[in-house]
Amino acid sequence: MSNGFSGQHVVITGGDGALGQAVVDAFVAAGAVCHLPILGPVATPPAPTAGVQLTGNIDLTDEHAVEAYYASLPPIAASIHLAGGFTFKPIAATSRADL
């Protein structure tokens, strides 16, 4: 990525996972400020990482928590969604509970 995101704010759900960290690294390299909502508490004190802001105790399955989280942020340029699990089966065999 070029520096096309210089100073812009980006939300990356799942940014603390393996794929998410690669995406965070790419956006930080492009100059973005990355906001990562984390399900559990953030380590105290969190290790400072330039261009990364962690917010703990954000349950992405809770609509009100997600609305409040996004409302607390400055205007965002992008929202990347990588949070979730994985199951290997056809979509037709995937239940609502799986989703």
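### Here we look at the layout of surface pockets
Then, number 1: Put simply, the largest pocket is a space of about 240 Å³.
Then, number 2: Every residue lining the largest pocket is counted, 16 residues in all, and those nearest its centre are Leu39, Ile58, Leu60, Ala83 and Gly84.
Then, number 3: Class assignment of the residues belonging to the lining of the largest pocket gives a composition of eight nonpolar, six polar and two charged.

### Here we look at the side chain of threonine 13
Then, number 1: Relative to the elements of secondary structure, threonine 13 occurs in strand S1 (residues 9-13).
Then, number 2: A distance of 3.5 Å separates polar atoms of two side chains, one belonging to threonine 13 and the other to histidine 81.
Then, number 3: When residues no more than four places from it in sequence are discounted, the contact partners of threonine 13 are Pro37, Leu60, Ile80, His81, Leu82 and Ala83.

### What about the sheet that holds strand S4 (residues 76-81)?
Then, number 1: What the four strands build is an open sheet, ordered S3-S2-S1-S4; its pairing is parallel. Across the chains shown, the open sheet's two edge strands, defined by having one partner strand only, are strand S3 (52-55) and S4. Shown here is a sheet whose adjacent strand axes are inclined to one another by a mean of 20°, direction ignored.
Then, number 2: Bridge analysis of S1 against strand S2 (residues 33-37) gives three bridges, and the strand direction is parallel. If you follow valine 11 over to S2, its bridge partner there is histidine 35.

### Considering helix H1 (residues 18-29)
Then, number 1: Taking 1.5 Å of rise per residue, the twelve residues of H1 would be expected to cover 16 Å, and the 17 Å separating its terminal C-alpha atoms lies within 8% of that figure.
Then, number 2: In this structure, the buried residues of H1 make contact with S1, S2, S3 and S4.
Then, number 3: A positive backbone phi angle near 95° is found at glycine 31, which sits one or two residues after H1.

### Notes on the nonpolar core
Then, number 1: Core analysis: the biggest nonpolar cluster contains ten residues, these being Val10, Ile12, Val23, Val24, Phe27, Ala32, Cys34, Leu36, Ile38 and Ala78.
Then, number 2: Of all elements in the fold, only S1, H1 and S2 reach the threshold of two or more residues within this core.
Then, number 3: A per-element tally of this core places H1 first, with three residues.
Then, number 4: Once you skip the residues sitting within four places of it in the chain, alanine 32 turns out to touch Phe5, Gln8, Val10, Phe27 and Gly51.

Quick notes on the rules
Numbering of residues begins from 1 in every chain and follows the order in which that chain's sequence is written. In keeping with the model being predicted, local features are shown solely for residues with a pLDDT of at least 70 and side-chain atom pairs are shown and tallied solely at 80 or more, while totals for entire chains, interfaces and linings include all residues. Values shown for side chains rest on all heavy atoms present in the structure; no hydrogens or waters enter the calculation. Points on a 1 Å grid, built from protein atoms alone, make a cavity when a 1.4 Å probe fits but cannot get out and make a pocket when they are open with protein on both sides within 12 Å along at least 5 of 7 lines; residues with an atom within 4 Å of a point are the lining residues. Grid points are joined across faces, edges and corners, and a volume is the space filled by probe spheres set on the points. Here the nonpolar group is Ala, Val, Leu, Ile, Met, Phe, Trp, Tyr, Cys and Pro; Asp, Glu, Lys and Arg are the charged ones; every other residue, Gly included, is treated as polar. Put simply, DSSP marks the helices as runs of H or I at least four residues long and the strands as runs of E at least two long, and each gets a number from the N terminus on. Definition of a polar contact: a pair of N or O atoms within 3.5 Å, with one able to donate and the other able to accept a hydrogen when the atoms are protein atoms, and with sequence-neighbouring residues admitted only if both atoms are side-chain atoms. In this description, contact between two residues means that some pair of their heavy atoms is separated by no more than 4.5 Å. When DSSP finds two or more bridges between two strands, those strands count as paired. In this analysis, axes come from line fits to C-alpha atoms, helices being fitted only over the stretch in contact, and the angle between any two N-to-C directions falls in the range 0 to 180 degrees. In a helix, the anticipated span is given by 1.5 Å times the number of residues less one. Buried Ala, Val, Leu, Ile, Met, Phe, Trp, Tyr and Cys residues form a nonpolar core when they are joined through side-chain atoms within 4.5 Å. The classification of residues rests on relative accessible area computed with a 1.4 Å probe and restricted to protein chains. Under 20% of the type maximum is buried, over 50% is exposed, and intermediate values are partly exposed.

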